[in-house]
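# Residue-level structure breakdown
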Amino acid sequence: MRDIISLNGIWALSLDKKFSPNNTYVVNVPGCLGNQIPALKDYRGSVWYKKDFEITNKPLRKSSFLIQFNAVNYLAEIWLNGDFIGSHEGGYTPFYFDVTKHIKKKNELLVKVLIPGNNDPNFPFPEIPHGKQETQWYGIAGGIWQDVKLLVTGSTYIKRIFLNPDAENNKVSIRIESKLDDSKEPYRLILTIYDPMGKECGNQVLELEPLMETEISVSNPLLWDINNPYLYSIRAVIKDKKDNVLDEVTEHFGFRKIEVKDKEILLNGKPIYLMGALDQDFYSDSHYTPPSEEFVRDQLILAKEMGLNCLRYHLKVPHPWYLKWADRVGILIWYDMPNWSKSTPEAKLRGEKLLEEMVNYDYNHPSVIIRTIINEGWGLDLFNSEEDRKWLEKMYDKLKRLDPTRLVVDNSPCFPNFHVKTDIDDFHNYFAFPDKFRNMQTWISEFAKSPNWSFHINSKKRGNEPLVLSEFGNWGLPNIKKLRAQYGGEPWWFLQGDPITATQPLGVEERFWQFGLNKVFDSIENLSEAFQDLQFQALKFQIEEIRKHPEIKGYIITEFTDLYWECNGLLDITRGKKAHFEELKNLNSLDLIFPQERLNAVWSGDEINIPILFSHLSDIPLDELKFSWQLEGTDLKVSKTIDKVKSGLNHIDVITFKVPDISEPGIYRINLKLTSKKQVINENYIDLFVVPKDLLKGINLKLGIKDISLEDNLVSAILNSYKISEADVIYASSYDSTFPEIASEGKTVIIELSEDTEFSHFGYSLHRRTGIEEGNWISGLGIIHPQIAGKVFKNKILDYKFIDNIPSYVLLGEFNFNSKTLMGIVFGWIDHPLNFMVEIPMGKGKIILHTFPIIKNLSRSPIMTALLYQLLKSFERR
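Residues numbered from 1 in each chain as written. Predicted model: local features only at pLDDT ≥ 70, side-chain atom pairs only at ≥ 80, totals over all residues. Heavy atoms only, no water.

### Digging into the overall build of the chain
The helix and strand tally for the chain stands at 16 helices and 48 strands. On C-alpha atoms alone, the chain measures out to a radius of gyration of 32 Å, which is about the 29 Å that the 2.2 N^0.38 rule sets for 878 residues. Across its three principal axes, the chain shows a C-alpha extent of roughly 110 × 70 × 50 Å. By residue count, 60% of the 878 residues in the chain fall in the buried class. Long-range pairs, those at least 24 residues apart, make up 70% of the contacts in the chain between residues at least 6 apart in sequence. Just so you have it, the chain exposes about 34,900 Å², and 47% of that area is on carbon and sulfur atoms. Across the chain, 103 positive and 118 negative side-chain charges occur, with their mean positions spaced 3 Å apart. (Helix = DSSP H or I, 4+ residues; strand = E, 2+ residues; numbered from the N terminus. Rg over C-alpha atoms; globule rule 2.2 N^0.38 Å. Buried < 20%, exposed > 50% of the residue type's maximum accessible area, 1.4 Å probe, protein only. Contact = heavy atoms within 4.5 Å. Areas by Shrake-Rupley, 256 points an atom, 1.4 Å probe, with all protein chains shown as cover. Lys, Arg positive; Asp, Glu negative; His and termini not counted. Charge placed at Lys NZ, Arg CZ, Asp CG, Glu CD.)

What follows is the structure, given as structure tokens:
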């Protein structure tokens, strides 16, 4: 029999082999060094681990003893009782040593671990697979970070089992590697297969050899898939001629087939649409190491509750618990090999070795369907180096030879890198919301046409690669109060990130007060909730846009959980649920109803038409299909029988009605529901921001126009224009030196600035947003002062209503909602503030500077009309 003795728990750790008292620590294994010893958080160099253990109730003779390390980062050298046992390079995969000749009743296990620095002469950090352990990302994860165990078995034992289930031919192909003792005694290998209910369904008895290949028939096997993750098991037993058991190993597996055909991803011969999230798999307290198996299981269950069917495990080899529970709950795993950062022959050799180890490690897990070799070109110079491109193509071919049962992505790209040879034509792109939503629509439409730019110019598509948007998403700041409660104070990682890129949490509360955001949100928790609201809005609009293009076969949201300062997760770093968690399952649904185009704002009294699409990708039979919609707060509701739908995209209805006449702008929600035999297939909603056409008639101020060219815009908006001398408010599109004097006399001057304007007055200058200020990856939160927001913009943020109207120009200068700022934007961890609208006190009056296209879009834009109305009303109230 095989017994497993855990060597986890308390170990001694020293910076030198002497374990002198002043240089020795007590640590838990498994665990990351820097998390347990803060003083060593950024330590690079060698450390020594020591563990004493005893062998009790186990005969030393006629037994084999194997020490297994599930993962040690990076270079491990092992001694047992003073004898050197062996070494292993690589921080992500398991390895073991046969220590039978060195084991005693009482034992001292010594492990030297090298955590390489950038200038290590033999293992320079930029040239080793490390994933996101770089300082600019999330920090090193050095040490013995996964389990250590002692395996006790017979003198002859099984080293490895590879299983190839073949449902089409009702069989399992089996490859077994064994270590035989020197006795030359014949041993029997007994193989027994059990079905998902635990019933025996196949067996075989063979004479044991060091390397064996065989097949066992399984009648009508149940297939593993995301809804029914049926797992079979095989028990392999070695017996001697007296029927004594020398070793016994059980492996689980599933009958499933993954392939691409005609630009579809097929699971068991049927198209599967990927609805996934990127998972970097870091943990709030334990960094790289999962806190418990139950924790891992529960987070995968949360993924299913969100409607996700796939997790893209990012730049890290999945922990054994992760794969175990992905197999059991039915989550597809796509994972990326950890990258290095400098392309050298040595780095690529290490990458090739890691690929081989990955295949050996995860081969029997049905959940693993895709492996990625390189992410975004990191570690290679694909753009300039033909040698690197050829290496990548060679690794694709090698990985397909090592494991033809899974898909391979060569490089999961973003601009300006590309594919060379791949099974899936995936791409990454990020768009600010609502600022760049139209850009996202245009890009998605182009990507859906399978453009040539996703491949290198000298590489050719084979024509069957499915399209997948494999990274996109937006930020939603976590609840700071809950984080502090979880950590018992300020999280250690608040020091991470970079203030230059708005990614450093340190000082976030101080900035909240410094920028006067308490005037808008009362508390930072309310601001976080508003940020999460915007994050969900973005996700909703973007996923629906993707689903409009059936040529695209899936998406991967960035990301599953926040990762310290990177807060674009659907969950926070503690796996706490963010706002709108309960709505995610309806959004991540194989059957989705949604509008062909979301109207961000409409005029009251208008007749509107909203085509409704139904993306039907499930295999659920749809009988007696009914589509219904209802306008909340009214008696308007319609139900319609849908005669027939096909798999894919369907146009099922056009919602037509007259928008209610109202006197104040407001939001009307249209609830959508699709049922089959009274069973709900999907639910969704459309929020319409409705603005009265004659809204500006309610303004009691006299408005004067400085620029004659703007008068037509006011007239079309049913707003009278007065002479400057008679007006209470003067509106202009450029600065005039007379404005300070006019304002000082008690008038309000509004200046609408645009890219055609040069402006630098009153401590503010006009500036075009670039780089981080565009908010495409590190998202921004547009904010409205309460005196402008009123009841009309009661959430006080620039959300979907402002699509097409977010300024690309800003005002650099003082940013403070307790002082001059009326509208503006902050990024990431409440940093890099930019003004959209400010108020300059001037004598008895004031000057308002802003960069919104209010007058430019007034006659055709309900939202700009509502904004002007709120601005002018704020003057009346004061």
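There is more to say after this.
### Let's talk about the packing of helix α2 (residues 293-305) against helix α3 (residues 320-329)
For the pair α2 and α3, interaxial distance at closest approach is 9 Å and the crossing angle is 40°. Taken together, the axes of α2 and α3 are oblique relative to one another. Crossing handedness for the pair α2 and α3: right-handed. Between α2 and α3, the contacting residues are Glu293, Val296, Arg297, Gln299, Leu300, Ile301 and Lys304 on the first element and Trp321, Tyr322, Lys324, Trp325, Ala326 and Val329 on the second. Grouping the amino acids of the contact of α2 with α3 by side-chain chemistry returns eight nonpolar, one polar and four charged. (Axes fitted to C-alpha atoms, helices over the stretch in contact; angles between N-to-C directions. Parallel < 35°, antiparallel > 145°, perpendicular 65-115°, else oblique. Left-handed = near helix turned anticlockwise from the far one by under 90°. Nonpolar A, V, L, I, M, F, W, Y, C, P; charged D, E, K, R; others polar.)

### A look at the packing of helix α6 (residues 437-447) against helix α10 (residues 524-547)
How two helices sit against one another is set out by the angle between their axes and by the gap between those axes. α10 packs onto α6 with a crossing angle of 20° between their chain directions and a minimal axis gap of 10 Å. The angle between α6 and α10 falls in the class roughly parallel. The crossing of α6 and α10 is right-handed. Residue-level inspection shows Phe437, Met440, Gln441 and Ile444 of α6 in contact with α10, the latter providing Phe541, Gln542, Glu545 and Ile546. By residue class, the composition of the contact of α6 with α10 is five nonpolar, two polar and one charged.

### Comments concerning helix α5 (residues 386-402)
The end-to-end C-alpha distance of α5, which contains 17 residues, comes to 24 Å, matching closely the 24 Å that a straight helix rising 1.5 Å per residue would cover. Taken together, the buried positions of α5 are Asp388, Arg389, Trp391, Leu392, Met395, Tyr396, Lys398 and Leu399. Buried residues in α5 make contact with α4 (345-362), β26 (368-375) and β27 (407-412). (Expected span 1.5 Å × (residues − 1).)

### Looking at the sheet that holds strand β32 (residues 602-603)
Strands sit in the order β32-β38-β37-β34-β35 across an open sheet of five strands; the sheet is mixed. Either end of the sheet is taken by a strand with one partner, and the two such strands are β32 and β35 (637-641). By the bridge criterion, seven bridges tie strand β34 (residues 625-631) to strand β37 (residues 666-676) in an arrangement that is antiparallel. Paired with leucine 631 across the two strands is isoleucine 670, which belongs to β37. (Pairing = 2+ DSSP bridges.)

### Regarding the sheet that holds strand β17 (residues 211-217)
Backbone hydrogen bonds hold the strands of a sheet together, and the pairing may be parallel or antiparallel. The strand order across the open sheet formed by three strands is β13-β14-β17, and the pairing between neighbours is antiparallel. In this open sheet, the two strands that pair with only one neighbour each are β13 (157-166) and β17. Geometrically, the sheet is characterised by an average inter-axis angle of 20° between neighbouring strands, direction not taken into account. Bridge count between strand β14 (residues 171-179) and β17: seven bridges; the pairing is antiparallel. Bridged to valine 172 within β17 is isoleucine 216.

### Focus on the environment of isoleucine 370
The topology assignment puts isoleucine 370 in strand β26. For isoleucine 370, a relative accessible area of 0% puts it in the buried group. Here the alpha-carbon distance between isoleucine 370 and tyrosine 335, two residues 35 residues apart in the chain, equals 6.4 Å. Each residue touching isoleucine 370, except ones within four places of it in the same chain, is listed here: Leu274, Ile333, Trp334, Tyr335, Leu407, Val409 and Ile424.

### Points about the side chain of glutamine 532
Considering the arrangement of structural elements, one finds glutamine 532 in helix α10. Discounting residues that sit within four places of it in the chain, glutamine 532 has contacts with Gly476, Leu477, Pro478, Asn479, Lys578, Ala579 and His580.

### A word on the pairing of strand β48 (residues 845-850)
Counting buried residues along β48, six of its six residues qualify, which places the element largely inside the surrounding structure. Here β48 shows two buried faces, one formed by Gly845, Ile847 and Leu849 and the other by Lys846, Ile848 and His850. As paired strands, strand β41 (residues 748-752) and β48 are joined by five bridges and run parallel to one another. Across the sheet, threonine 748 pairs through a bridge with lysine 846, a residue of β48.

### Re the pattern of salt bridges
If you walk through the whole model with that rule in mind, you get 51 salt bridges. Among the salt bridges present, the one from lysine 553 reaches glutamate 264, with a minimum N-O distance of 3.1 Å. Within this pair, whereas lysine 553 is found in strand β30 (residues 552-557), its partner glutamate 264 is found in strand β21 (residues 264-267), the two being separated by 289 residues in sequence. For lysine 553, a relative accessible area of 13% gives the class buried. Since its relative accessible area comes to 22%, glutamate 264 is described here as partly exposed. Among the ionic pairs, lysine 348 bridges to aspartate 388, the shortest N-O distance being 2.7 Å. (Salt bridge = Lys/Arg side-chain N within 4 Å of Asp/Glu carboxyl O.)

### Observations concerning the environment of lysine 626
Locating lysine 626 in the fold gives a position in strand β34. Under the relative-accessibility criterion, lysine 626 is labelled partly exposed at 40%. Spatially, the C-alpha atom of lysine 626 lies 44 Å from that of isoleucine 480, the residues being 146 residues apart in sequence.

### Focus on a positive patch on the surface
A cluster of like positive charges, contributed by Arg61, Lys62, Lys241 and Lys242, occupies part of the molecular surface. In this structure, lysine 62 sits in the loop between β4 (45-54) and β5 (63-69). Here lysine 62 falls in the exposed class, since its relative accessible area comes to 75%. (Patch = residues over 30% accessible without salt bridge, like charges linked within 9 Å, V, L, I, M, F, W, Y side chains within 5 Å.)

### With respect to the pairing of strand β7 (residues 75-80)
Counting buried positions along β7 yields five of six residues, so the element is predominantly enclosed. As paired strands, β7 and strand β8 (residues 83-89) are joined by six bridges and run antiparallel to one another. Counterpart to leucine 80 in the pairing with β8 is aspartate 83. Here β7 folds back onto β8 in antiparallel fashion, the turn holding two residues, of which asparagine 81 has a positive phi close to 55°.

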